[in-house]
Amino acid sequence: MTDPKKPDQSIGDDDWADAMFEQEKAEQENAEQQGGTPADDEDPWAEAMAEQAAAESADEAPAETPEPPPARAAGESVFRPLEQGGGTAAARDLEMIMDIPVKLAVELGRTRITIKQLLELAQGSVIELDGLAGEPMDILINGYLIAQGEVVVVDDKYGIRITEIITPSERVQKLNR
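Values in this document were obtained by computation on a predicted structure and should not be read as measured data.

Undergrad: Before we move on, could you go through the overall build of the chain and cite the residues and values that matter?
TA: In terms of helices and strands, the chain carries 6 helices and 6 strands. A separation threshold of at least 6 residues defines the contact pool for the chain, and within that pool the share at least 24 residues apart is 26%. Surface accessibility of the chain: about 16,500 Å² in total, with carbon and sulfur atoms responsible for 55%.

What follows is the structure, encoded as structure tokens:
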């Protein structure tokens, strides 16, 4: 190995030992000037080596492993006990969701058209839907079919009268069409 400042000289192990000795001597002098002795300074390497030796000796000796604490049921410390009068709790939980808005839509029917047909549409164009006249209209909540009904007019406004609530099995059949 060479010294970058003196490339024609090589640094040997003796040079490193001399440098380490000089550094140690300087530290001792510094400690004496501050009113202590070099033994007073804590050597972090010595502490680390002592900890490692203690850990290795503990690993070699058969140590008794402490038993884990016995498992216990979570019970009432984690879960709230069920109340016998659950009706009031259910009503209170429902009150929390009563003001959440949903989107209700009434669907007259559907159809598929091409982009060409879409671009040909003008005012007064008629689009044929798959729904039949007099057939119940689909009532959708957030895009999901929940009921069917018939169109009514009340005070010059359209409305829908619910005629049938869709069961879950019927909802699946309607989604497939």
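Once you've had a look at it, read on.
Undergrad: Account for the pattern of salt bridges, with residues named and values stated.
TA: Taken as a whole, this structure holds 2 salt bridges when the rule is applied. Between glutamate 107 and arginine 110 there is a salt bridge, with its nearest N and O atoms 2.9 Å apart. For arginine 110, a relative accessible area of 48% puts it in the partly exposed group. The closest approach of N and O atoms between glutamate 150 and arginine 161, which form a salt bridge, is 2.6 Å. Here glutamate 150, found in strand E5 (residues 144–154), pairs with arginine 161, found in strand E6 (residues 157–165); they are 11 residues apart in sequence, far enough to count as distant. Note on glutamate 150: relative accessible area 37%, which makes it partly exposed.

Undergrad: Describe a nonpolar patch on the surface, naming the residues involved and giving the relevant values.
TA: Residues Leu108, Ile113, Leu118, Leu121, Ile127, Leu129, Val151, Val153 and Tyr158 make up a contiguous nonpolar surface patch of about 880 Å² in total accessible area. Relative to the assigned elements, valine 153 resides in strand E5.

Undergrad: Please set out unusual backbone geometry residue by residue, giving values where relevant.
TA: With a phi angle near 50°, asparagine 142 is a residue other than glycine that sits in the positive phi range. Here asparagine 142 lies in the loop between strand E4 (137–141) and E5.

Rules used throughout
- Residues numbered from 1 in each chain as written.
- Predicted model: local features only at pLDDT ≥ 70, side-chain atom pairs only at ≥ 80, totals over all residues.
- Heavy atoms only, no water.
- Helix = DSSP H or I, 4+ residues; strand = E, 2+ residues; numbered from the N terminus.
- Contact = heavy atoms within 4.5 Å.
- Areas by Shrake-Rupley, 256 points an atom, 1.4 Å probe, with all protein chains shown as cover.
- Salt bridge = Lys/Arg side-chain N within 4 Å of Asp/Glu carboxyl O.
- Buried < 20%, exposed > 50% of the residue type's maximum accessible area, 1.4 Å probe, protein only.
- Patch = residues over 30% accessible without salt bridge, like charges linked within 9 Å, V, L, I, M, F, W, Y side chains within 5 Å.

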